Amino acid sequence: MSQSIVPISDAQLVLALLFIALAVAASLLYRLRLERDLLLGTLRTFLQLFVMGYALTFIFNFRNPLLVFSIYAVMISFAAWIVRDRIKEKAVSYFPPTLFSMLVSYSVVTALVTGVVIRSDPWWSPQYFIPIGGMVVGNSMNAIALTLERLFSELRTRRDELEMKLSLGADYREASQDTFRNAMKAGMIPSINSMMGVGIVFIPGMMTGQILAGADPLVSVRYQIVVMLMLVGSTAISSFIVTVLVRRRCFGRAHELLLPPRSKNIS
Amino acid sequence: MEFAFTGRPPLLQEVTLQVEAGDFILITGPSGSGKSTFLRILARFLTHTAGSVLFHGQPIEDHEAPQYRRRVAYLHQTPVVVDDTVRHNLLLPFSFKANQHRMVPSDDFLVKTLDTFLLDGLALDHPAKSLSGGQMQRLCLMRSVLLEPEIMLLDEPISALDHESRQAVEVVMETLCRNRRIAALAVSHQPLRVNCASRVFELKGARLARREPFLPHHSETREVSTGNA
């Protein structure tokens, strides 16, 4: 039942601005003072997405693996910066391990999906590698942030228990075993939950996009299943790597906890 | 040995102390004088900023931390137990790699040892979190003693307890000191009624000063010593 996509003309695009006009009107009426943000947001949406569209057109036509991987590396670096800004932990340098775990896990998962599952030719084919990689980075970065938040907060709140175990001969791994598990769980649970609700509570964005573009729903369902599974895989791998590496940095040579006892350190 | 937190004036200066087998050393001093910090340095939760801390003649940094901490046991001011039974709490250390060569005590042995720690009648299946502060403190003492440490570092061991529990903990500490020849280093802002306290020091103005003359009661000289390198 594939149908050709209905293009949106410039006039139709301008018509969609009516929604913004409605929001601005509401803001003015109720003095929400959101007019500036609404206009700026609209402008940025147009600008950023058109720039992205032209960039993707160029990349798809150019088909150069170096360019594809460079773009992917930039996406991951941005994601790692976003995580860094969200966590705001000063006592431990967690940016390098975060970047490393994202690079490893996301690259492995994306390459497996494009090369083995979808079997695009070549496996780094930009039409597949960039959007699928983008989905992995965008969704899994949240998992890394949740994992790190839980790791830092539990290490602090359970300091007495940790030190009790260390005092009885535990090494840092044994002493923080429960915290390790909880941090990994915190990162993985949202992607598992989304598998529970998918198709009932919500229609995923990628599937919606494909259906709107005229694809057979049964074809887009298969793509969506692959996406859901790869997100679970990437969150599991990245949460594991980041927890192993960052936890080590939270303890000193004598396995002592290096995080100072502050309660409100995490934003 | 000296210690200062980054950007702060020294909290401990020219602190020199030698601990010997069977010693019971009490360190008193006003709140914030660095008593607990001193113990945490010996437990290797903090690192001294100058001088040296030796254990059996070797810098403590040269010892593997898990093995060192098994031999130099540190007890928190507030007793810490995991949310499980008394038995689980007592056997918890035996699951750690550093203690796996040690024989796991039998239930009979645990019940007998509970008596020594004035916890007679306490069932091994009893939930540890429901014990009173004094009982928990003694349970934590017992848990450390089961690993046969050479030195025990006790941070305010009685400050959070009521009168009756204090007396029980003091009796247990005295028994350990007399019968097991475990050296103990206790910091407390309150006087401890432990008759075998061999030396009493006061920590004031970052320095450690002896309060009472040393009463030697044995000849072995070893364990932890701190001094300026």
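Residues numbered from 1 in each chain as written. Chains lettered and ligands numbered in written order. Predicted model: local features only at pLDDT ≥ 70, side-chain atom pairs only at ≥ 80, totals over all residues. Heavy atoms only, no water.

Some remarks on the overall build of chain B
Counting its regular elements, chain B contains six helices and ten strands. Its C-alpha radius of gyration of 17 Å places chain B within 12% of the 17 Å reference for a compact globule of 229 residues. Put simply, chain B has 229 residues, and 55% of those count as buried. Taking as baseline every contact in chain B between residues at least 6 positions apart, the subset at least 24 positions apart corresponds to 73%. (Helix = DSSP H or I, 4+ residues; strand = E, 2+ residues; numbered from the N terminus. Rg over C-alpha atoms; globule rule 2.2 N^0.38 Å. Buried < 20%, exposed > 50% of the residue type's maximum accessible area, 1.4 Å probe, protein only. Contact = heavy atoms within 4.5 Å.)

A short note on the interface of chain B and chain A
Across the contact, 24 residues belong to chain B and 17 residues belong to chain A. In this assembly, chain B packs against chain A so that about 1800 Å² is buried in total across both faces, 58% of it on carbon and sulfur atoms. When residues of chain B are sorted by the area they lose upon contact with chain A, F45, R69 and F96 of chain B head the list and together hold 30% of the total. The tally of links from chain B across to chain A stands at two salt bridges. In this structure, the salt-bridge partner of R40 of chain B is E163 of chain A, at a minimum N-O distance of 2.6 Å. (Buried area = accessible area lost by both parts, 1.4 Å probe. Salt bridge = Lys/Arg side-chain N within 4 Å of Asp/Glu carboxyl O.)

Digging into the sheet that holds strand β6 (residues 151-155) of chain B
Residues and elements named next belong to chain B. Read across the open sheet, the six strands follow the order β5-β6-β7-β2-β8-β9; overall the sheet is mixed. Strands with a single pairing partner mark the edges of an open sheet, and in this sheet they are β5 (72-75) and β9 (207-210). Each adjacent strand pair in this sheet contributes to an overall mean axis angle of 20 degrees, direction not counted. Where β6 lies against strand β7 (residues 183-187), five bridges are found, and the strand directions are parallel. Across the sheet, D155 pairs through a bridge with V187, a residue of β7. Of the strands in this sheet, β5 and β6 touch helix α5 (residues 133-145), which is tilted by about 165 degrees from β5. (Pairing = 2+ DSSP bridges. Axes fitted to C-alpha atoms, helices over the stretch in contact; angles between N-to-C directions.)

A closer look at unusual backbone geometry
Residues and elements named next belong to chain A. The omega angle of the peptide bond from D121 to P122 is -5 degrees, so this bond is cis rather than trans. We note that R33 has phi near 55 degrees; this positive angle belongs to a residue other than glycine. Inspection of the secondary structure assignment puts R33 in the loop between α2 (17-29) and α3 (35-62). The class of R33 is exposed, set by a relative accessible area of 74%.

With respect to the side chain of H48 of chain B
Residue and element names in this part refer to chain B. Mapping H48 onto the fold places it in the loop between α1 (35-42) and β3 (52-55). On the basis of relative accessible area, H48 is assigned to the buried category, the value being 12%. In this view, H48 contacts M1, E2, F3, I41, V53 and E61; residues no more than four positions away in its chain are not counted.

A few points about the nonpolar core
Counting residues in hydrophobic clusters, the biggest one holds 118 residues, and the most contacted among them are L141 and L185 of chain B. No other element matches the 13 residues that helix α6 (residues 126-157) of chain A contributes to this core. Other than its neighbours up to four places away in sequence, L185 of chain B contacts L17, V19, I25, I27, F38, L39, L42, M152, L153 and L154 of chain B. (Core = buried A, V, L, I, M, F, W, Y, C linked by side-chain atoms within 4.5 Å.)

A look at the domain arrangement of chain A
Residues and elements named next belong to chain A. For chain A, the assigned domains are domain 1 (7-62) and domain 2 (64-249). Tallying the contact residues gives five residues for domain 1 and seven residues for domain 2. For the pair domain 1 and domain 2, the two sides together bury roughly 550 Å², of which 82% comes from carbon and sulfur. On the domain 1 side of the contact with domain 2, I59, F60 and F62 bury the most area, a combined 88% of that side's loss. Counting across the interface, domain 1 meets domain 2 through zero salt bridges. Scanning the region where domain 1 abuts domain 2 turns up one residue pair in polar contact (both at pLDDT 80 or more). Tallied by class, residues from the side of domain 1 that touches domain 2 come to five nonpolar, no polar and no charged. (Domains from an automatic or database assignment. Polar contact = N/O pair within 3.5 Å; in protein donor to acceptor, adjacent residues only side chain to side chain. Nonpolar A, V, L, I, M, F, W, Y, C, P; charged D, E, K, R; others polar.)

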